[in-house]
Amino acid sequence: MSVLFENATIVTVNSGGDILHDSAMYVKEDRIVEIGDTARLKAKYGDTAERVIDAKDGVLFPGFVNTHSHSVALACRGRAEDVSNWDAIWGVMGSIRDSMTGDDCYVASRLAYVEMLRSGITTVADSGAHMLRVGEAAIETGIRAYLHQNFRDADATLLRDEGRYEYSMERGMKGLGDAVDLVETMHGKEGGRIRCLLGPQTIDTVSPKLLAATRGEADRLGVGVTIHLSQNEREPRQCLEAWGDLPGPMMEKAGFLGPDFTGAHAIFLHDEDIQALARNDCSVSHNPQINAKRAHIAPVSDMIEAGINVGLGSDNMFYDMLEVIKTAGIVWRLRVKDPTVPHPSTIVQMATMNGARALGIDDAVGSLEEGKVADVVMMDYARARYTPRVRENVLSNLVHFGAADDVALTMVGGRILVDDHRYVGGNEEAILEEAQRSGEEVWERAKVDWELRTSGGKG
Ligand SMILES: [Zn+2]
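The structure presented is a predicted model; accordingly, all values stated were derived computationally and were not measured.

**Student:** Run through the overall build of the chain, naming residues and quoting values.
**Tutor:** Secondary structure summary: the chain contains 16 helices and 17 strands in total. Based on the C-alpha atoms only, the size of the chain along its principal axes is roughly 70 × 45 × 45 Å. Taken across its 459 residues, the chain has 56% of its residues classed as buried. The long-range fraction of contacts in the chain, counting pairs at least 24 apart against all pairs at least 6 apart in sequence, stands at 74%.

In structure tokens, the structure reads:
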């Protein structure tokens, strides 16, 4: 397939932060071949391009990178939004997730991926349950995915029922073995569109020994590592009590940190944590929307000032990157009490290049540049919410007013998956209907107890 976009505004997110106007971009197969003046590229490629898209009302962005998500949690939507972080993880979501079969996970993930693509997400790092079936959903929908299977050496039942930690290396190694199986089965599929990570679950539920073993396997397999990092106050407290170190130094001593490490959330960080992450060239997935929903704001500006690479993630139940982008700007300002920072370009960079860097693919995606893989989003800019549209306000309009409904086209590796605002990689109506039917069955089996909603927060 070859596509010529013409008369477009192109937000390149290249090293100079160039925004081009009245420009064209020619894509052939999976690559961006050339970017430049519309008249010139039209003369060069206009006759041979299989499709010419007049993007005079469009703005092209690099595909968004969602650095942390759980697509199967789509089935929990509306259930875990009004409880504490601790109750969500160890309480209310558990009964629903435990009631999900492989089929349920497959159909939930498929719909979540379609939602992501419709909001311009072209790459996602995703973990949950029945990950082989989730992998099938990623293969089928066309999204670029980094799959991983969570594991831990703490006993989850004991933690849920008694709030007590009991670690077993045997349990941890069994979980790591299963996670390695997923990597060996899925990593590199679809010409490399499907890849894997190793992701122990949360920093308080793993031992330094399991972190060291995970690093050994990750290096052997050539995959990156990730973990939920200090999402609630209890996690760093537990690390100190159990191992005598805060999470950052604990991971550093276990040899777990490195440029291929992404810590998800990173809310309750101490200076020692930030220093350890910065010293080891680590990345963080900032998930502003779910954090704010649970009354938390991560110290994003502190992390960025220290030199940590910060990307954006949607996490559970939220799969709309334009909402994540908008919230990222708002919570940053609330935290530092300054409406002049960050500049919208910083947020766009976080949603694209920083995410690509976290996953180690910034040489291939994350910006619109010649020779790069064609992961592209085209926003329809001729909308009331962006009016008046002038050249200078493109980034500000996207960050503050952007909406997924305006994603006119999403392309992953040169393949158009959202076209004219509709998912065209499969039957969207059937995908939605199946997720609805399966969700109803899951909730029926889970016998959801609404009283739990008011159980209050621990940790
Ligand atoms: Zn998560």
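**Student:** Pulling in residues and values, what's your account of the nonpolar core?
**Tutor:** Of all hydrophobic cores here, the largest spans 152 residues; its most connected members are Met25 and Leu60. Counting residues per element, this core draws most heavily on helix α3 (residues 102-118), which supplies 10 residues. Not counting residues within four places of it along the chain, the set of residues in contact with Met25 comprises Phe5, Ala8, Ile10, Ile32, Ile35, Leu60 and Leu368.

**Student:** Give a description of helix α15 (residues 394-401) that names residues and reports values.
**Tutor:** A turn of α-helix holds 3.6 residues, and therefore any two residues three or four places apart point the same way. Of all the positions in α15, only Val394, Leu395, Asn397, Leu398 and Val399 are classed as buried. Where the residues of α15 are buried, they touch β1 (2-11), β2 (19-28), β5 (58-62), α13 (321-336), α14 (344-358) and β14 (376-380).

**Student:** Account for the environment of His130, naming residues and giving values.
**Tutor:** Structurally, His130 can be placed in the loop between β7 (121-127) and α4 (131-141). Linking His130 and Leu221, residues 91 residues apart in sequence, is a C-alpha distance of 21 Å. Those residues within four positions of His130 in sequence are excluded, and the remaining contacts are Gly102 and Cys105.

**Student:** So, unusual backbone geometry: which residues are in play, and what are the values?
**Tutor:** Following Val341, the chain continues to Pro342 via a peptide bond in cis, the omega torsion being -5 degrees. Going from Thr387 to Pro388, the amide bond is cis rather than trans, its omega being 10 degrees. Checked against the element boundaries, Pro388 lands in the loop between β14 and α15. Non-glycine residue Ala266 carries a positive phi angle of around 50 degrees. Structurally, the position occupied by Ala266 is in the loop between β11 (261-265) and α10 (271-279). Overall, Ala266 belongs to the buried group, with 31 C-beta atoms counted inside 10 Å.

**Student:** I'd like to hear about the sheet that holds strand β6 (residues 64-69), residue by residue, with values.
**Tutor:** Within the open sheet, the 8 strands sit side by side as β6-β7-β8-β9-β10-β11-β12-β13. Their pairing is parallel. Of all strands in the sheet, those bounded by a partner on one side alone are β6 and β13 (309-312). For this sheet the average axis-to-axis angle between neighbouring strands, irrespective of direction, equals 25 degrees. Here 3 bridges tie strand β8 (residues 144-148) to strand β9 (residues 194-198), and the two strands are oriented parallel to one another. Pairing of Tyr146 across the sheet is with Arg195, part of β9. Packing against the sheet, helix α7 (residues 208-221) makes contact with β9 and β10 (224-229), and its axis sits at approximately 145 degrees to β10.

**Student:** Outline the pairing of β14, supporting the account with residue identities and numerical values.
**Tutor:** Across the 5 residues of β14, 4 count as buried, placing the element largely inside the fold. By the bridge criterion, 5 bridges tie β5 to β14 in an arrangement that is antiparallel. Its bridge partner being in β14, Val59 is matched across the sheet by Met379. Bridge count for β14 against strand β15 (residues 407-412) is 4 bridges, and the pairing is antiparallel. The partner of Val377 across the bridge, within β15, is Thr410.

**Student:** Any chance you could break down the environment of Leu60 for me, citing the residues and the numbers?
**Tutor:** Here Leu60 lies in strand β5. On the basis of neighbour counts, which here come to 23 C-beta atoms within 10 Å, the residue Leu60 falls in the buried class. A sequence separation of 317 residues divides Leu60 from Val377, and the C-alpha atoms of the two residues are 5.7 Å apart. Leaving out residues up to four positions away in the same chain, Leu60 has contacts with Phe5, Ala8, Ile10, Val11, Met25, Ala55, Leu368, Val376 and Met378.

**Student:** Requested: an account of the domain arrangement of the chain, with residues and values cited.
**Tutor:** By domain assignment, the chain separates into domain 1 (2-62 + 368-423) and domain 2 (64-358). Measuring from the centre of the C-alpha atoms in domain 1 to the corresponding centre in domain 2 gives 30 Å. Taken together, the 23 residues of domain 1 in the interface contact 24 residues of domain 2. Every element with two or more residues in the side of domain 1 that touches domain 2 is listed here: β5, α15, β15 and β16 (415-419). Sort the elements by how many residues they give to the side of domain 1 that touches domain 2 and α15 lands first, with 5 residues. In the side of domain 1 that touches domain 2, the residues fall into 15 nonpolar, 6 polar and 2 charged.

**Student:** Hey, could you go over α13 for me, with residue numbers and the actual values?
**Tutor:** Taking 1.5 Å of rise per residue, the 16 residues of α13 would be expected to cover 22 Å, and the 23 Å separating its terminal C-alpha atoms lies within 8% of that figure. Along α13, the residues classified as buried are Met321, Leu322, Val324, Ile325, Lys326, Thr327, Ala328, Gly329 and Trp332. Positive backbone phi, at 55 degrees, marks Lys337, one or two positions downstream of α13.

The rules behind the values
- Residues numbered from 1 in each chain as written.
- Predicted model: local features only at pLDDT ≥ 70, side-chain atom pairs only at ≥ 80, totals over all residues.
- Helix = DSSP H or I, 4+ residues; strand = E, 2+ residues; numbered from the N terminus.
- Buried ≥ 20, exposed ≤ 12 C-beta atoms within 10 Å, placed from the backbone.
- Contact = placed C-beta atoms within 7 Å.
- Core = buried A, V, L, I, M, F, W, Y, C linked by C-beta atoms within 7 Å.
- Pairing = 2+ DSSP bridges.
- Axes fitted to C-alpha atoms, helices over the stretch in contact; angles between N-to-C directions.
- Domains from an automatic or database assignment.
- Nonpolar A, V, L, I, M, F, W, Y, C, P; charged D, E, K, R; others polar.
- Expected span 1.5 Å × (residues − 1).

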